[in-house]
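Descriptive analysis of the structure
Listed below are the residues making up each chain.
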Amino acid sequence: MKFLFTLAFAAIMMHPVRGHAFMGLDISGPGNEGNCMLVIRQCWKQDIEGSRVNDTLCTLSESELEPVYAALDAYVQAATTAHAALTNFAVYSLKPLRHTQPERHQKALAQYQRALNILFIRDMEQLRLTSVLSPADRTAHIRPEQDAQSEAMLQRINRNLDTFRSAWVEYHEHRSELHKQRVAFMLKLLASDRPDCEFITNTPLEEVPQNYTANCAARFQAAYAAWQKYADCAVRMHCPAPSLQGNSSPEARAAMQLILQKHFEQFLTLLTGGLGR
């Protein structure tokens, strides 16, 4: 079975990369993602149904498949909640521009929403590459960009398999701490006492709602908490069938967690650079 995509996702890939790009895709033009969460559910169901016919899941009974579908439901629900929370942050942050700079407001919100859809679909794409639910002939592994020190650490670990397990734990902790620092930096920027400024577009504001920066930071913090719950549910899709747990490993799940974190950091980098141009 070939690595399947719905027509809605295929339409994204045909969009030329130009102007403002995120994860290799243009976000300055109209999006073609359709219902992002529906695309995600359909792609996973394609994998599951295909695997039931002639791949890993073909030996499982209906009762053994129940945890798989339960994990899929939990994953999509958590993704929906995180997507809504991140959207809520953007809508509130951009609100002061709605009447004073409507064109910038509209453009920034559209770019933000398209980038958010791409983020969740890219996560799904990466998860399917290594999940036991996916076809055996899935495409080659795609690795996100890493900082130079983390990349050097990973190469060092792979060259010395005798200390792989202990070194991998240390590597995971290092990367997780970097991730927390980057999120904390974002929060600090949002809640700072600098002159009032809309963060997503980096636009100075003459008038702002009461407690605007504090509320922006609180909404982002709530959105990040929802994203963390989503990431936990997403990682479980690596091997959600208890009878197939021998096909999984703590290292594989930790690696997937790091990839999701790196994807989210790329989204934060996009926001830090500013939208609406």
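See the structure above.
Residues numbered from 1 in each chain as written. Predicted model: local features only at pLDDT ≥ 70, side-chain atom pairs only at ≥ 80, totals over all residues. Heavy atoms only, no water.

Topic: the overall build of the protein chain
A tally of helices and strands in the protein chain yields nine helices and four strands. Traced from its N-terminal end to its C-terminal end, the protein chain shows the element sequence α-β-β-α-α-α-α-α-α-β-β-α-α. Out of the 277 residues belonging to the protein chain, those deemed buried represent 48%. Contacts in the protein chain between residues at least 24 apart in sequence constitute 76% of all its contacts with a sequence separation of at least 6. When the accessible area of the protein chain is evaluated, it comes to approximately 13800 Å², of which 53% is carbon and sulfur surface. (Helix = DSSP H or I, 4+ residues; strand = E, 2+ residues; numbered from the N terminus. Buried < 20%, exposed > 50% of the residue type's maximum accessible area, 1.4 Å probe, protein only. Contact = heavy atoms within 4.5 Å. Areas by Shrake-Rupley, 256 points an atom, 1.4 Å probe, with all protein chains shown as cover.)

A few points about the packing of aromatic side chains
Within this structure, the stated rule accounts for twelve aromatic pairs. Measuring from centroid to centroid gives 6.1 Å for tyrosine 75 and tyrosine 230, while their planes differ by 25°, and the two rings are stacked. A residue pair is termed long-range when its members are at least 10 positions apart, and tyrosine 75 in helix H3 (residues 62-94) and tyrosine 230 in helix H8 (residues 212-235) qualify at 155 residues. With a relative accessible area of 0%, tyrosine 230 lands in the buried category. Judged by centre distance (5.7 Å) and plane angle (40°), the rings of tyrosine 224 and phenylalanine 264 are tilted. Placement of the pair is tyrosine 224 in helix H8 and phenylalanine 264 in helix H9 (residues 250-273), with a sequence separation of 40 residues. Each member of the pair, tyrosine 224 together with phenylalanine 264, is buried. Put simply, the rings of Phe22, Trp44, Tyr75, Tyr112, Phe120, Tyr224, Trp227, Tyr230, Phe264 and Phe267 pair up and form one aromatic cluster. We note arginine 219 situated over the ring of tyrosine 92; from NZ or CZ to the ring centre the distance is 4.0 Å. (Phe/Tyr/Trp six-rings, centres within 6.5 Å; stacked < 30°, edge-to-face > 60°. Lys NZ or Arg CZ within 6 Å of the ring centre and 35° of its normal.)

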